[in-house]
Amino acid sequence: MAASSRAQVLDLYRAMLRESKHFNAYNYRMYAVRRIRDAFRENKNVKDPVEIQNLVNKAKRDLEIIRRQVQIGQLYSTDKLVIENQEKPRT
């Protein structure tokens, strides 16, 4: 993978993770983070430039979907779950 392509993929990965953390609902947020990580790990060994470009284009479309869903989710606020209100243990 070319250096510019690698940088583009890493930027896209970070943007998707950053955007998915804006979901109000805990379950959506954790599901999105898990799916993003799994998808990128699954395709980390792809060498074909055409396939890489197809995957990058799909990820860009998915990023736009995440952004739209975050906006929609912010219109309908919900109470936090019990798991979200836990304080981190002190070390």
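To be clear, the structure that these remarks concern was listed above.
Residues numbered from 1 in each chain as written. Predicted model: local features only at pLDDT ≥ 70, side-chain atom pairs only at ≥ 80, totals over all residues. Heavy atoms only, no water.

(A) Region of the structure containing the overall build of the protein chain. Along the backbone of the protein chain there are 3 helices and 0 strands. The helix and strand sequence of the protein chain, counted from the amino end, reads α-α-α. A separation threshold of at least 6 residues defines the contact pool for the protein chain, and within that pool the share at least 24 residues apart is 67%. Looking at the protein chain as shown, the accessible area adds up to about 7,500 Å², and 51% of this sits on carbon and sulfur atoms. (Helix = DSSP H or I, 4+ residues; strand = E, 2+ residues; numbered from the N terminus. Contact = heavy atoms within 4.5 Å. Areas by Shrake-Rupley, 256 points an atom, 1.4 Å probe, with all protein chains shown as cover.)

(B) Main features of a nonpolar patch on the surface. A cluster of nonpolar side chains, contributed by Ile-72, Leu-75 and Tyr-76, occupies part of the molecular surface with about 370 Å² of accessible area. Relative to the assigned elements, Ile-72 resides in helix 3 (residues 49–75). (Patch = residues over 30% accessible without salt bridge, like charges linked within 9 Å, V, L, I, M, F, W, Y side chains within 5 Å. Salt bridge = Lys/Arg side-chain N within 4 Å of Asp/Glu carboxyl O.)

(C) Region of the structure containing the side chain of Ser-20. Tracing the backbone through its elements, the reader meets Ser-20 in helix 1 (residues 3–20). Other than its neighbours up to four places away in sequence, Ser-20 contacts Arg-29, Ala-32, Val-33, Ile-36 and Ile-66.

(D) Inspection of the layout of surface pockets at higher detail. Roughly 1,000 Å³ of internal volume is contained in the largest pocket. Along the wall of the largest pocket there are 34 residues; nearest its centre are Met-16, Arg-35, Ile-36, Ala-39 and Phe-40. Ranked by residues supplied to the lining of the largest pocket, first place goes to helix 3 with 10 residues. Class assignment of the residues belonging to the lining of the largest pocket gives a composition of 22 nonpolar, 5 polar and 7 charged. (1 Å grid on protein atoms, 1.4 Å probe; cavity = no way out; pocket = protein on both sides within 12 Å on 5 of 7 lines; lining within 4 Å. Points joined across faces, edges and corners; volume = space filled by probe spheres on them. Nonpolar A, V, L, I, M, F, W, Y, C, P; charged D, E, K, R; others polar.)

(E) Local environment of the pattern of salt bridges. If you walk through the whole model with that rule in mind, you get 4 salt bridges. The salt bridge involving Arg-14 is made with Asp-11; its shortest N-O contact spans 3.7 Å. Taken as a pair, Arg-14 and Asp-11 lie in helix 1 at a separation of 3 residues, close to a single helical turn. Accessibility expressed as a relative area gives 45% for Arg-14, which makes it partly exposed. (Buried < 20%, exposed > 50% of the residue type's maximum accessible area, 1.4 Å probe, protein only.)

(F) Layout of the nonpolar core. If you look at the biggest cluster of nonpolar residues, it comprises 16 residues, and the most contacted ones within it are Leu-12, Met-16, Phe-23, Ile-36, Val-56, Leu-63 and Ile-66. Looking at this core, the elements with two or more residues in it are helix 1, helix 2 (26–42) and helix 3. Of the residues forming this core, the biggest block, 6 residues, is contributed by helix 3. If near-sequence neighbours (up to four positions away) are discounted, Leu-63 is found in contact with Leu-12, Ala-15, Met-16 and Glu-19. (Core = buried A, V, L, I, M, F, W, Y, C linked by side-chain atoms within 4.5 Å.)

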